Amino acid sequence: MTSATSRPRFRSSSRKSRFEHLEKRVLLAADFRITEFLASNNSSFVDEDGEDSDWIEVTNVGDAVGSLNGWYLTDNQGNLTKWQIPDVSLQPLERIVIWASDKDRTNPFAQLHTNFRLSAGGEYLALVESDGFTLASEFSPEYPPQFTDVSYGLSETATTTTLVDDTTLVEALVPTNGVLGTTWTAIGFTPGGAWTSGTTMGVGYDNNSDYLPFINTDVGTEMYSENTSAYIRAPFTHTVTSTPGSLTLRIKYDDGFVAYLNGQEVASRNAPGSLDWESSATSSHSDSSAVIDEVIDLSSFSSLLVNGTNVLAIHGLNVTQNSSDFLIDADLDWSEITFGSNRFFVEPSPGSNNVQASLATAPFLAELSHGGGMPADNTNIVITTKALPQ
């Protein structure tokens, strides 16, 4: 469950619920859906007033950035334009949590609040397009009765493809001048004879032994006492599809880096504001931290991926020329998200995907009772409960 200190993005019964299931199809633009909501919140996940208001998560399940400006949320089938969403934009698979608090706040630069609350007993809920009548998401005639701190929404599965790992061939160079600029980060760049090639990801050196298990391309001879910068290129192939997905960089580093995807900067750590061929890391990254993957979400840059050859380029940075070690070891993963049917989640994930929560397949037990009173020792009791599918 998300805690109050780890916040997602805000803008910062027998009756059946009807919902449009998402299938693999060609998505040519932004495509918004209600992917999760909580109608009985009694957790540490609170709004800016410190109140545990109910919430609704809206996700862009399309393949392009889009704005929710002028769209509507409603809990009244007879009033589809009950609460209008302000101008907030979402990248593909980006999510926004909107509080269903009845506080009616529409500042797009602050947390959003609808002018209605959700009923734990079940009610109508819909996301309506800006024309005021086209239904993007609809729970009709109403969603099922809800339970405290148990959310409800679309199940999600992820199919992950590793694009770069320690088996990926890399090209590495410890530069001796700045003639290349950043041209070496582009797809079409052709490394010259000074580049090391034929070895795999895991670039660095270690005068001791801590990093040796992660190093497949040793640049110690060229780098130690000579330069604090190293250029690394990891070409890979990718097939672009219409299925929404997430892009994740996992990287071990000592002491800093700037990462590029097909020539565009996408992430950095301990890097100076002005970067050149002999730049140093702005601070050290301890050996104990350097061997642990830092996970960086690059999903907002997934549109940079192209069919065929791509390149992850990394400008590795050491803190000093005489440092005893240096390491850049990166993995890049592409995960395609498939949305399924509605279910309960005993571990709500506001602002995050439902993939992990969807792995829980055991029935959710509700309304547990044993008839009241304190049973005597060695007495048989009957326990009744309602088993609901997750």
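Residues numbered from 1 in each chain as written. Predicted model: local features only at pLDDT ≥ 70, side-chain atom pairs only at ≥ 80, totals over all residues. Heavy atoms only, no water.

## Some remarks on the overall build of the chain
- The secondary structure content of the chain amounts to three helices and 23 strands.
- Per-residue burial for the chain yields a buried fraction of 49% across its 390 residues.
- Put simply, the chain shows about 17400 Å² of open surface, and 48% of that area lies on carbon and sulfur atoms. (Helix = DSSP H or I, 4+ residues; strand = E, 2+ residues; numbered from the N terminus. Buried < 20%, exposed > 50% of the residue type's maximum accessible area, 1.4 Å probe, protein only. Areas by Shrake-Rupley, 256 points an atom, 1.4 Å probe, with all protein chains shown as cover.)

## A short note on the pattern of salt bridges
- Following the criterion strictly, the structure yields 17 salt bridges and no others.
- In this structure, the salt-bridge partner of Asp49 is Lys103, at a minimum N-O distance of 2.7 Å. Taken as a pair, Asp49 in the loop between strand 1 (32-38) and strand 2 (54-60) and Lys103 in the loop between strand 7 (95-100) and strand 8 (125-128) lie far apart in primary sequence, 54 residues in all.
- Here Asp49 falls in the partly exposed class, since its relative accessible area comes to 39%.
- The exposure class assigned to Lys103 is partly exposed, which follows from its relative accessible area of 22%.
- We note a salt bridge from Arg250 to Asp331, for which the minimum N-O separation is 3.6 Å. With a gap of 81 residues between them, Arg250 in strand 16 (residues 245-254) and Asp331 in strand 21 (residues 325-345) connect regions that are remote in the sequence.
- Several salt bridges converge on common partners, so that one network encompasses Asp47, Glu48, Asp49, Glu51, Lys103 and Arg105. (Salt bridge = Lys/Arg side-chain N within 4 Å of Asp/Glu carboxyl O.)

## What about the pairing of strand 17 (residues 256-261)?
- Burial analysis of strand 17 places six of its six residues in the buried class, the great majority of the element.
- With burial as the criterion, each face of strand 17 is covered, one bearing Gly256, Val258 and Tyr260 and the other bearing Phe257, Ala259 and Leu261.
- By the bridge criterion, six bridges tie strand 17 to strand 20 (residues 308-317) in an arrangement that is antiparallel. Bridge pairing links Val258 to His315 in strand 20.
- Bridge count between strand 17 and strand 18 (residues 264-269): five bridges; the pairing is antiparallel. (Pairing = 2+ DSSP bridges.)

## Quick word on the nonpolar core
- Within the largest apolar cluster, 33 residues are counted, with the highest numbers of intra-cluster contacts made by Leu249, Ile251, Phe257, Leu312, Ile314 and Leu332.
- Residue contributions to this core peak at five residues, all from strand 21.
- Residues contacting Leu312, with those up to four places away along its chain left out, are Val164, Ile232, Arg233, Ala234, Phe236, Leu249, Tyr260, Ala330 and Leu332.
- Among the nonpolar cores identified, the runner-up in size contains 28 residues, and Ile98, Leu118, Ala136 and Phe147 belong to it. (Core = buried A, V, L, I, M, F, W, Y, C linked by side-chain atoms within 4.5 Å. Contact = heavy atoms within 4.5 Å.)

## Thoughts on the sheet that holds strand 5 (residues 83-84)
- Judged by pairing direction, the sheet is antiparallel, and its four strands sit side by side in the order 5-4-8-9 without closing on themselves. Each of the sheet's edge strands pairs with one partner strand only, and the pair in question is strand 5 and strand 9 (135-139).
- Summarising the sheet, strand 4 (residues 72-74) and strand 8 pair through three bridges and their orientation is antiparallel. Across the sheet, the residue bridging to Leu73 is Leu127, located in strand 8.

## Some details on the packing of aromatic side chains
- On inspection of all chains with the given rule, the structure shows 17 aromatic pairs.
- Plain terms: the ring middles of Phe189 and Trp195 are 5.7 Å apart, the flat faces sit at 55° to each other, and that makes the pair tilted.
- For Trp195, a relative accessible area of 8% puts it in the buried group.
- One aromatic cluster is present, formed by Phe37, Phe139, Tyr143, Phe147, Tyr152 and Phe344 through successive ring pairs. (Phe/Tyr/Trp six-rings, centres within 6.5 Å; stacked < 30°, edge-to-face > 60°.)

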